[in-house]
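Listed below, chain by chain, are the residues.
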Amino acid sequence: MRQALSKMPKADLRRHERGLTLIELLVVLLILSMIAAFAVPQVMKYVGGARSDAAAIQIERLGGILDLYRLDMGRYPGTDEGLQALVEAPADSERWNGPYVKKANSLIDPWGRPYEYFSPGDHGEYDLSTLGADGADGGDGEDADVTSW
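Residues numbered from 1 in each chain as written. Predicted model: local features only at pLDDT ≥ 70, side-chain atom pairs only at ≥ 80, totals over all residues. Heavy atoms only, no water.

What about the nonpolar core?
L62, L66, L83, L86 and L128 are the most contacted members of the largest nonpolar core, which has 22 residues in total. Broken down by element, the residue count for this core peaks at seven residues, all from helix α3 (residues 22-73). L83 has contacts with L62, L66, L107, Y115, Y117 and L128, leaving out every residue within four places of it along the chain. (Core = buried A, V, L, I, M, F, W, Y, C linked by side-chain atoms within 4.5 Å. Buried < 20%, exposed > 50% of the residue type's maximum accessible area, 1.4 Å probe, protein only. Helix = DSSP H or I, 4+ residues; strand = E, 2+ residues; numbered from the N terminus. Contact = heavy atoms within 4.5 Å.)

Some points on the confidence of the model for the chain
A residue-level look at the chain finds 87% of positions with pLDDT of 70 or above and a mean pLDDT of 85. Within the chain, the element-level pLDDT minimum falls on helix α1 (residues 2-6), averaging 56, and the maximum on strand β1 (residues 116-118), averaging 96. (pLDDT = per-residue confidence, 0-100.)

Considering the sheet that holds strand β3 (residues 146-147)
Strand pairing in a sheet takes place through backbone hydrogen bonds and is either antiparallel or parallel in direction. Spatially, the three strands line up as an open sheet ordered β1-β2-β3, and their pairing is antiparallel. Strands at the two margins of the open sheet, each flanked by one partner only, are β1 and β3. When β1 meets strand β2 (residues 127-130), the two strands line up antiparallel, connected through three bridges. Paired with E116 across the two strands is S129, which belongs to β2. (Pairing = 2+ DSSP bridges.)

Concerning a nonpolar patch on the surface
There is a patch of nonpolar side chains on the surface, built from L22, I23, L26, V27, V28, L29, I31, L32 and I35 and spanning about 890 Å² of accessible area. For V27, the position within the fold is in helix α3. Taking relative accessible area as the criterion, V27 reaches 42% and is therefore assigned partly exposed. (Patch = residues over 30% accessible without salt bridge, like charges linked within 9 Å, V, L, I, M, F, W, Y side chains within 5 Å. Areas by Shrake-Rupley, 256 points an atom, 1.4 Å probe, with all protein chains shown as cover. Salt bridge = Lys/Arg side-chain N within 4 Å of Asp/Glu carboxyl O.)

Description of a negative patch on the surface
The grouping of D134, D137, D140 and D143 at the surface amounts to a negative patch. Of note, D143 is situated in the loop between β2 and β3. A residue is classified by how much of its surface remains accessible, and D143, at 30% relative accessible area, is partly exposed. (Lys, Arg positive; Asp, Glu negative; His and termini not counted. Charge placed at Lys NZ, Arg CZ, Asp CG, Glu CD.)

What to know about the pattern of salt bridges
Enumeration according to the criterion identifies four salt bridges in this entry. R51 serves as the salt-bridge partner of E142, at 3.9 Å between the closest nitrogen and oxygen. A residue pair is termed long-range when its members are at least 10 positions apart, and E142 in the loop between β2 and β3 and R51 in helix α3 qualify at 91 residues. Accessibility expressed as a relative area gives 28% for E142, which makes it partly exposed. The exposure class assigned to R51 is partly exposed, which follows from its relative accessible area of 37%. D109 is the salt-bridge partner of R113, the closest N and O atoms lying 4.0 Å from each other. Taking relative accessible area as the criterion, R113 reaches 27% and is therefore assigned partly exposed. A residue is classified by how much of its surface remains accessible, and D109, at 5% relative accessible area, is buried.

Considering the pairing of β2
Residue alternation in β2 divides its side chains into two sets, D127 and S129 and L128 and T130, and both sets are buried. Pairing of β2 with β3 involves two bridges; the strand directions are antiparallel. Following the sheet pairing, T130 is matched in β3 by V146.

Remarks on the packing of aromatic side chains
Tallied over the full model, the rule gives four aromatic pairs. Through a chain of ring-to-ring contacts, the aromatic side chains of Y69, W96 and Y100 assemble into a single cluster. (Phe/Tyr/Trp six-rings, centres within 6.5 Å; stacked < 30°, edge-to-face > 60°.)

In structure tokens:
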């Protein structure tokens, strides 16, 4: 290869060593931006779905922890005690064997809001839910409510 380059005239040699032209760089940037324009919305769709899936898993996990609390205490925490009873002993805590949750931030949904908890609930002995990304009742996709019932 070196012999082939040394046999080239000096003008051809300089042209061969220059690298990419401005037009070639602009074409590469255009292609990369087109790929990003198609890829980013798809990635964001998966991120939103992942948060909803994480909320469903956390609600199921908290349901199991609430059942463990009930085994120890003979009842679920009341609405006034809330999920905080899983972290700190309530006033009548003779049989409390917690903390049932090590970190209080485990009681926060993936969108940064506390899970809603009511006991007794309208749908069972307790209702545990989150309102999704929009923080309002109902919705579709990432905005859909995630519930324990």
